[in-house]
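This is what each chain is made of:
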Number of protein chains: 2
Amino acid sequence: MRLVVPLQGVVQGRGGLLLGSLIPCALFYFLQLYLKRHRSDGSSRIPLSPPPSEIPPTTSVQVSNLANFLAEFDDSPDDIGLQSLAQDSYDHDRFTNPDKMIQLSSSENKLCLDLIEKWLSENLKKSLVGTDDFTLSVNGIATYQPFDGLEELKMAMSNFMSRVMGGMVKLDPSNMVLTSGATPAIEMLSFCLANQEDAFLVPAPYYPGFDKDVKWRARVNLIPVHCQSEDNFTLSIATLEEVYRQAEKRGVKVRGLLFSNPANPVGNLLTQDMLKSLVHFAKNKNIHIIADEVLAGSVYEGEKFVSLAEVLDSEGLDKNRVHIIYGLSKDLSLAGFRVGVIYSFNNTVLAAARKLSRFSSISAPTQRLVISMLSDNKFIPEYFETKQKRIRQVRDELEAGLSHLGIKCAKSSAGLYCWADMRGLLRKPHNERRELELWKKFISVSKIIITPGSACHCIEPGWFGICFCELTSENIPVIIERIRKVVETCKSSC
Amino acid sequence: MRLVVPLQGVVQGRGGLLLGSLIPCALFYFLQLYLKRHRSDGSSRIPLSPPPSEIPPTTSVQVSNLANFLAEFDDSPDDIGLQSLAQDSYDHDRFTNPDKMIQLSSSENKLCLDLIEKWLSENLKKSLVGTDDFTLSVNGIATYQPFDGLEELKMAMSNFMSRVMGGMVKLDPSNMVLTSGATPAIEMLSFCLANQEDAFLVPAPYYPGFDKDVKWRARVNLIPVHCQSEDNFTLSIATLEEVYRQAEKRGVKVRGLLFSNPANPVGNLLTQDMLKSLVHFAKNKNIHIIADEVLAGSVYEGEKFVSLAEVLDSEGLDKNRVHIIYGLSKDLSLAGFRVGVIYSFNNTVLAAARKLSRFSSISAPTQRLVISMLSDNKFIPEYFETKQKRIRQVRDELEAGLSHLGIKCAKSSAGLYCWADMRGLLRKPHNERRELELWKKFISVSKIIITPGSACHCIEPGWFGICFCELTSENIPVIIERIRKVVETCKSSC
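Within chain A, the secondary structure is distributed over 17 helices and 13 strands. In chain A, which comprises 494 residues, the share counted as buried stands at 60%. Here the contacts in chain A between residues at least 6 apart in sequence split such that 73% fall between residues at least 24 apart. Here chain A has roughly 19800 Å² of accessible surface; of this, 52% comes from carbon and sulfur atoms.

Written as structure tokens, this is what we have:
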């Protein structure tokens, strides 16, 4: 059957001019009818160009639609956590003074800051300016360096990532573009893999930052693939297929599948089999597959992480569509250093990302510091051994404390959150509004900032992320006591 | 007179349905006729979406149009200089070994690297981790900091910029967003001030990086306002008006005027009167005005730099449209540190830029280093005194050497280039091809990389930028000797 299209006259080339004009005539008739009935339909998306009525009077200078959108963009719950964190950093008495806010929403890893501190104090000067050939080093930090990262850092990073990912995969430094954090790495990949208005599928609940990194400037849409609590929020291929089919039906061009593994915030791991299925899914649909593996080195003792790169190595699968994101904020407690990685098997993407890295390059002194730290074969294993123990301990204690309050957590194998089921504390009917009510109650009653599930696009209201990596065993009782207050308030008001 | 529009049915609300359908019918008829005749019209711009015929077969995964464009984007002459610089940094024998390439195209300021080296060796550890309260400092470098820069750095930067700009203007840290270099600062401003397909006017010859920073991702166009050698490449309001008028006639939405002051590459300064005229021009056209002042501290002895901020202060002019770019790569020889500044008087732009700074933030160790360096009231004045002397000396000697070869330079008051008139060495007819022939001759005959005027959109073929900030008095004779070879080759072949 031939397709009838509005520009038939152009496509057919003969005799279609009249038909190609009459079809839009009919289409416009129905379009107008539709618009008449839906005129007040609002949209929260960033407009490509402003509707005429919204253009401000010419007396004040106009800024871009993006600037207007961002300036009015309300801080989301995770932003509020991050801001409080910047302010609170020096409030050493926040665990003893009940009037002080404690943020448990942003997964800044402070669990092993003492180890970083010790290393820096011992190695700082040597890392930055060397000892023997000072001139060489100052040339290497004050002057221009390749925007996509120093060769030495790429080599050190490859070895480090390989170790963190279980030692089963050898990474090639030439597949790497280094960026000032995983955040610009995700944005850069979005710019490289999809055109504006295209979309990525993303299993939900997902890391709230994805929305900003993918949508704001690259204007790529995210379509959540909702996972359910009854499956411990595990992704299923059937759901993925269904969401893809629906997107296709709506005419959306899906260009990739983006996921974090270990999953952030829930903390479960994708099995080797599941990863293979995802690669096959991406191949069948001819789309990209992007794994955010920034928590690869934050897996609990006894659990096994499998990198997407490992599956490819063992299976000889189509690599051209495969991209990995990494960074040092979570695994190495170095959020302030702003070090991120794009690891891609696609040469076009690598070439483009190298050019774009001019906008997000890592400063050279920081690169020198990190080269030195990652290459320290005594420090790195010790750090990870200690970290794994501390994560496990704090997590277990927090989970036990929550359990005593009747709050269960999703089963997790990695990461820095307890993904807590507080549906029992929610007023009915359960919806996003009720969830945010409870979130505000945590702030007002207990002075605790946690992450509401809705910020992570969780489809079931009442789940909350509690980040434990600012805590030690000592102050877990303080946190539990504060949460108890909220539980009691809820019980008395329900 | 009422407007007849395609969606008349919606706009009028009564009786317009039929008319609103018939009008598009007619429009589509003519659109198809037009498209039939212009199907092969090529364009070098980045396409927003690919024409159907260009979609590759489904066996290989597609990347974005931007990635395809960038991956095939030829390195421009200034890129080649920058790459050679990264490779050449350690070629200490490049001035003695005639087979080694010398890059004189990228304005990386190495004139005072010895002073930076000395400061770092004395102050490094104290700057980064302090002496008394180590814990506080490690918290302040390893952990998350505000993406748009530390408050202390903004304060130090305000004082520093005020000093560099002649001490006549007081800058407010709250008008500042710090970025990982001036490059992302320009891109971020482009995203904030203009929508895609809008344009900025920019006096030419201009800094080649603007093309990448403004066009690549923000998709804002640059319209050159050509300045002539007979006026020593000085901007005139009459030309500006004419170019604006032409753009308006073509339906282009001009959203701003972007210029560097001191001008890069020519090196002339905008007078106070000219700056006032430009602000008035921007006000009349209701557009933004963006001054790139990264060379403010590289003005020659006896010359006076006037910042755009100073003019506003003295005149009480409309500030909402005024934005300044700054960075430490040129003035403080710290290109590798990646420190840039957006200084804006527009609160919407500031709010948006703060949100966007998540993609280009400066790493915290570097911020701590810079705070310490900028606040060193002994070092900074000494550095600038020495630098001013060295710039003047090297520049004068290079200019004199070139003059002996019959090559005159444009009059300049600042900056790190000699803008040299080599029209006499060009084969006829003078055009861009001949200019690039000569540029290649410099590489092949003399192993020198300089910047051809066409890379800076200079309208007169035969002008070249020679950056002198890698040179000392000692090696100027080497450079002149190498250039003499090219001159002789040209004379024998002309």
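On to the sheet that holds strand β2 (residues 176-179) of chain A, then. All names here are of chain A. The 7 strands lie next to each other as β2-β8-β7-β6-β5-β3-β4, forming an open sheet whose pairing is mixed. Each end of this open sheet is capped by a strand with a single partner; those strands are β2 and β4 (221-226). The sheet shows a mean angle of 20 degrees between the axes of neighbouring strands, taken without regard to direction. The pairing of β2 with strand β8 (residues 340-344) spans 4 bridges and is antiparallel. For Thr179, the partnering residue across the bridge sits in β8 and is Gly340. Lying over the sheet, helix α7 (residues 151-164) contacts β2, β7 (322-327) and β8, oriented at roughly 100 degrees with respect to β2. Against the sheet, helix α10 (residues 237-249) contacts β3 (199-204), β4 and β5 (254-260), and its axis sits at roughly 140 degrees relative to β4.

Before going further, it helps to spend a moment on the confidence of the model for chain A. All names here are of chain A. The share of residues in chain A with pLDDT of 70 or more is 81%, and the mean pLDDT across the chain is 85. Across residues 33-44 the pLDDT falls below 50, and counting only partners more than four positions away or on other chains, this stretch makes 8 contacts in the model. Low pLDDT, under 50, characterises residues 50-58; the stretch is placed with 6 contacts to residues that sit more than four places away or in other chains. Across the predicted assembly, pTM comes out at 0.86 and ipTM at 0.86.

Right, let's get into the sheet that holds strand β13 (residues 463-467) of chain B. Residues and elements named next belong to chain B. Spatially, the 4 strands line up as an open sheet ordered β9-β10-β13-β12, and their pairing is antiparallel. A strand with exactly one partner marks an edge of an open sheet, and here the two such strands are β9 (408-409) and β12 (451-452). In terms of strand pairing, β12 meets β13 through 2 bridges, oriented antiparallel. Looking across to β13, one finds that Thr451 is bridged to Gly465.

In this structure the tally under the stated criterion is 30 aromatic pairs over all chains. Relative to Trp216 of chain A, the ring of Phe73 of chain A has its centre 5.3 Å away and its plane inclined at 85 degrees; by these criteria the two rings are edge-to-face. Here Trp216 of chain A lies in the loop between α9 (209-215) and β4 and Phe73 of chain A lies in the loop between α3 (65-71) and α4 (77-88), a separation of 143 residues in the sequence. We classify Trp216 of chain A as buried; its relative accessible area is 4%. Among the aromatic side chains, those forming a connected cluster through ring pairs are Trp119, Phe160, Tyr326, Phe379, Tyr383 and Phe384 of chain A. One residue, Arg358 of chain A, lies across the ring of Phe359 of chain A, its end atom 5.8 Å from the ring centre. Directly above the ring of Trp216 of chain A sits Arg358 of chain B, whose terminal nitrogen or CZ lies 6.0 Å from the centroid.

This paragraph deals with the state of the cysteines. All names here are of chain A. Applying the stated rule across the entire model yields 0 disulfides over all chains. There is no disulfide at Cys227, and the cysteine sulfur nearest it, in Cys458, is 9.3 Å away. The class of Cys227 is buried, set by a relative accessible area of 6%. We note that Cys456 lacks a disulfide partner, and the nearest cysteine sulfur, in Cys458, lies 7.8 Å from it.

Our next topic: unusual backbone geometry. For the bond running from Ala204 of chain A to Pro205 of chain A, omega is 5 degrees, close enough to zero to count as cis. One can find Pro205 of chain A in the loop between β3 and α9. In this model, Asn261 of chain B is joined to Pro262 of chain B through a cis peptide bond whose omega is 0 degrees. Inspection of the secondary structure assignment puts Pro262 of chain B in the loop between β5 (254-260) and α11 (272-285). Positive phi values are uncommon outside glycine, yet Arg338 of chain A reaches one of about 55 degrees. With respect to the secondary-structure elements, Arg338 of chain A resides in the loop between β7 and β8. For Glu197 of chain B, which is not glycine, the phi dihedral falls at a positive 80 degrees. For Glu197 of chain B, a relative accessible area of 33% gives the class partly exposed.

Moving on to the packing of helix α7 (residues 151-164) of chain B against helix α14 (residues 364-374) of chain B. All names here are of chain B. At their nearest, the axes of α7 and α14 sit 9 Å apart, and the two run at 35 degrees to each other. The handedness of the crossing between α7 and α14 comes out as left-handed. When α7 is examined against α14, the residues Glu152, Leu153, Ala156, Met157 and Phe160 are found in contact with a partner set consisting of Gln367, Arg368, Val370, Ile371 and Leu374. Residues of the contact of α7 with α14, tallied by class, amount to 7 nonpolar, 1 polar and 2 charged.

The topology assignment puts Lys154 of chain A in helix α7. In this structure Lys154 of chain A touches Asp148, Gly149, Pro173, Met176 and Leu178 of chain A, once residues within four positions along its chain are discounted.

Moving on, we come to the environment of Leu356 of chain A. Considering the arrangement of structural elements, one finds Leu356 of chain A in helix α13 (residues 347-356). Residue classification places Leu356 of chain A among the buried positions, given a relative accessible area of 0%.

Moving on to helix α17 (residues 476-493) of chain A. Residues and elements named next belong to chain A. Between its first and last C-alpha, α17 extends 26 Å over 18 residues, near the 26 Å set by a 1.5 Å rise per residue. Burial in α17 covers these residues: Ile476, Ile479, Ile480, Arg482, Ile483, Val486, Val487 and Cys490. Take α17 and look down its axis: the buried residues cluster within an arc of 160 degrees, on one side only. Pointing more than 90 degrees away from the buried face of α17 are the exposed residues Pro477 and Ser492. Buried residues belonging to α17 abut β1 (102-103), α15 (379-404), α16 (432-446), β11 (448-449) and β13 (463-467).

Calculation criteria
Residues numbered from 1 in each chain as written. Chains lettered and ligands numbered in written order. Predicted model: local features only at pLDDT ≥ 70, side-chain atom pairs only at ≥ 80, totals over all residues. Heavy atoms only, no water. Helix = DSSP H or I, 4+ residues; strand = E, 2+ residues; numbered from the N terminus. Buried < 20%, exposed > 50% of the residue type's maximum accessible area, 1.4 Å probe, protein only. Contact = heavy atoms within 4.5 Å. Areas by Shrake-Rupley, 256 points an atom, 1.4 Å probe, with all protein chains shown as cover. Pairing = 2+ DSSP bridges. Axes fitted to C-alpha atoms, helices over the stretch in contact; angles between N-to-C directions. pLDDT = per-residue confidence, 0-100. Phe/Tyr/Trp six-rings, centres within 6.5 Å; stacked < 30°, edge-to-face > 60°. Lys NZ or Arg CZ within 6 Å of the ring centre and 35° of its normal. Disulfide = S-S within 2.5 Å. Left-handed = near helix turned anticlockwise from the far one by under 90°. Nonpolar A, V, L, I, M, F, W, Y, C, P; charged D, E, K, R; others polar. Expected span 1.5 Å × (residues − 1). Arc of directions from axis to C-beta.

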